[in-house]
Amino acid sequence: MKGLCYSAKLVSGLQKTRNPEWSRKFGIISSKISGARATLRLIDDIPMIKYALDYGLGFQEKDAVMASLGITANVVDLLYYPIEKICWLAEHKVMNVEDPDKWDILSSWFWVASIYLNLMRLTRNFTKLEEKRRLMNERSEELIKKQRLEVISMIRGGLDLVHAVSTLPKGYLWGGKLETWHVGLIGTTSAALGLYQIFLKKRK
C-alpha cells in the first residue's frame, strides 16, 4: 500500500504541469490510499503496547545505550499513536478539536522523533555487527546478510526521516520545502527497499 500510495504521488507530481488531469487523478488515488493506511494504523495500538511490554527495560539489549534508545523510542511511539488518532478524528469531524493544525504539527514532531530514534538504533546495531566481524576476522554469509539488511534499514530510515521532517512547518530544517514528486520519489524508494528486504529475509 505504501508503494502504491507514493508511486501515485510521484506520477501526480511529475504530471502537474504536463498533464494536470492525470496529476489530479493520481493525486486522488494517492490521497485515498494514504487515508486507508491512516485508518489501518488506528488498530496498531495493541501490537505496539504488547511490543513495549515485551521489550520492558531492554535487558535483552547488548548495552545500556541500545536499551535507552529502545525504551525512549517505545515511549515516543506510545504517545504518537493516540495523537495520530486525535488528528484522524478531527480530520473526519468526529471530534471537535481546538486548533487541529497544532495537533498535526505535534504528530509530525513525534513521527520525526520516532524515526530518528530507530535510525540511531539501526546505526549502533550496524556498528556492533561490524565490530563483531572484525573481531572474528571473517565474513560469514550470515553476518554479511545481517549487515546488508541493516544497511538497507538505515537507508530506509534516512529516507523516511527526510519525508517526516518535510511535514514540519516551514522554518524547521527543510519543513514544507519538498515538492510533491520529491515526496513521491522518497516514499516509493523506501517502499521498494522494504519489499527487497522481505525478499532477502526469505532467501536461504
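Just so it is clear, the model here is predicted, and its values are computed rather than measured.

### Focus on the overall build of the protein
Along the protein, the regular secondary structure elements total 7 helices and 0 strands. Each helix and strand of the protein, placed in order from N terminus to C terminus, yields the pattern α-α-α-α-α-α-α. With respect to the three principal axes, the spread of C-alpha positions in the protein is 60 × 40 × 35 Å. The buried share among the 204 residues of the protein stands at 35%. Sequence-distant contacts in the protein: of pairs separated by 6 or more residues, those separated by 24 or more amount to 66%. Carbon and sulfur atoms form 62% of the exposed surface of the protein, whose accessible area is close to 13000 Å². Across the protein, the centroid of the 31 positively charged side chains sits 6 Å from that of the 21 negatively charged ones.

### Some remarks on the UniProt feature "transmembrane region" (unreviewed entry) in the protein
Under the present numbering, the feature "transmembrane region" (unreviewed entry) in UniProt falls on residues 180-200. End C-alpha to end C-alpha, residues 180-200 measures 30 Å, and it is 100% helix and 0% strand.

### What to know about unusual backbone geometry
We note that Asp99 has phi near 55 degrees; this positive angle belongs to a residue other than glycine. For Asp99, the location among the structural elements is in the loop between α4 (64-91) and α5 (100-136). Phi at Leu173 takes a positive value of approximately 50 degrees, unusual for a residue other than glycine. Along the polypeptide, Leu173 turns up in the loop between α6 (141-166) and α7 (180-202).

### Quick look at the packing of aromatic side chains
Pairs of aromatic rings are described using the distance from one ring centre to the other and the angle between the two planes. For the coordinates displayed, the defined rule picks out 5 aromatic pairs. Aromatic pair Trp109 and Tyr172: ring centres 5.2 Å apart, planes at 90 degrees, arrangement edge-to-face. With Trp109 in helix α5 and Tyr172 in the loop between α6 and α7, this pair connects stretches of sequence that are 63 residues apart. Given a relative accessible area of 42%, Tyr172 falls into the partly exposed group.

Reading the values: the criteria
Residues numbered from 1 in each chain as written. Predicted model: local features only at pLDDT ≥ 70, side-chain atom pairs only at ≥ 80, totals over all residues. Heavy atoms only, no water. Helix = DSSP H or I, 4+ residues; strand = E, 2+ residues; numbered from the N terminus. Buried < 20%, exposed > 50% of the residue type's maximum accessible area, 1.4 Å probe, protein only. Contact = heavy atoms within 4.5 Å. Areas by Shrake-Rupley, 256 points an atom, 1.4 Å probe, with all protein chains shown as cover. Lys, Arg positive; Asp, Glu negative; His and termini not counted. Charge placed at Lys NZ, Arg CZ, Asp CG, Glu CD. UniProt positions renumbered as here; feature names shortened; annotations may be inferred. Phe/Tyr/Trp six-rings, centres within 6.5 Å; stacked < 30°, edge-to-face > 60°.

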